[in-house]
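Coordinate analysis (summary)
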Amino acid sequence: MMGTRNLVWNVTKKLATIGLITFTVSDRYATVVPVRGASMSPTFNPKTNSFTDDYVFVEKLCLDKFKFSHGDIVIFSSPSNFKETHIKRIIALPGEWFVNRHNQDVLKVPEGHCWVEGDNAASSTDSKSYGPVPLGLVRGRVTHVVWPPQRIGAVKNTTPERLPSS
Amino acid sequence: MPFMNYIAQWKSVAKEALDRSAIIAKFLCYLHFTGNYLCSPTHAYGPSMLPTLNIAGDVVLVEHVSPRIGKVGHGDLVLVKSPLNPNRNLTKRVVAMEGDTVTYFDPLNSEDSRIAVVPKGHVWIQGDNVYASRDSRHFGPVPYGLIRGKVFFRVWPPSSFGRLDN
């Protein structure tokens, strides 16, 4: 009787510790998340209707300084629904002027914000619809694809092809 | 065999060091979890929340549970990541939620009041001291995802120790 109670207690303690460590590491250092949807195709999920979504490695150390560069792929919680997490590419950084390649407007990104767009402009909800995104919503930067095995590799921080008008 | 003795001694020292660092690491994980998911102290200063919070700086407790489950509502004091600078936190009051119409006036810029509609997934935050507060009247509604926590208890100064009501 004592023995089983001890065992249960020990297992619970172990599980709680593992949970704590997982939370801490995935919040502060790095985590792995699945990519859903085709908004970043062909960089992620190049085949539509594939059952195997890409899993990507996300590093969190960039959140200390919030220093990003052009073309970085970031995950952030959606400005229109805090429960959703989006994955997009940074097109323009805080305080920059840039040309919106969809309607040729010249825009200035406000301080503390960035302009994000999906690689697949045709099916992507991004800054085109909700405007610049505050950097405070950014949850990490994507560096590698880790699953499926044939797609393992580092992510380039350049857009695959820059179409002049799309 | 003095050599074997030596090795055994080393082993026990290494094991002890490993155990100690494991305890410290666990403790840090525990701190991270409590500070990010449950409750943490913060120092709120500046004139923007007069008369609710003092100008010299109050130490308040912030709980992080309600923002995560979407239980932040009208009149709550919240800790928000500044949309203009992700490294700064603001303490403000939620005045309106998504879909609400707010009538606000900004005595520093204009005499007459203005009307704004809070978009989906956003909140309208304002300081209690409308004369000295930079808030949604300047940078517009902020995404709900920027809310870090709900301020619910004042620890310092001791004279006003106690719950903060809405």
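Since the structure is predicted, the reported quantities are computational estimates derived from the model, not experimental observations. (Residues numbered from 1 in each chain as written. Chains lettered and ligands numbered in written order. Predicted model: local features only at pLDDT ≥ 70, side-chain atom pairs only at ≥ 80, totals over all residues. Heavy atoms only, no water.)

**A look at the UniProt feature "domain: Peptidase S26" (unreviewed entry) in chain B**
All names here are of chain B. Following the UniProt record, the feature "domain: Peptidase S26" (unreviewed entry) maps to residues 26-104 and 113-156 here. In the segment residues 26-104, helix accounts for 23% and strand for 37%; the C-alpha atoms at its two ends are 48 Å apart. For residues 113-156, the end-to-end C-alpha separation is 36 Å, with 9% helix and 48% strand making up the annotated structure. (UniProt positions renumbered as here; feature names shortened; annotations may be inferred. Helix = DSSP H or I, 4+ residues; strand = E, 2+ residues; numbered from the N terminus.)

**Description of the UniProt feature "domain: Peptidase S26" (unreviewed entry) in chain A**
The UniProt record annotates "domain: Peptidase S26" (unreviewed entry) at residues 10-96 and 106-147 of chain A. The distance from the first to the last C-alpha atom of residues 106-147 of chain A is 38 Å, and the span holds 10% helix and 48% strand.

**A few points about the interface of chain B and chain A**
Between chain B and chain A, the residue contacts involve 21 residues of the former and 23 residues of the latter. Taken over both partners, the interface formed by chain B and chain A buries close to 1,900 Å², and the fraction arising from carbon and sulfur atoms is 67%. Elements with a minimum of two residues in the side of chain B that touches chain A: α1 (2-38) and α2 (65-69) of chain B. Per element, the largest residue contribution to the side of chain B that touches chain A is six residues, and it comes from α1(B). (Contact = heavy atoms within 4.5 Å. Buried area = accessible area lost by both parts, 1.4 Å probe.)

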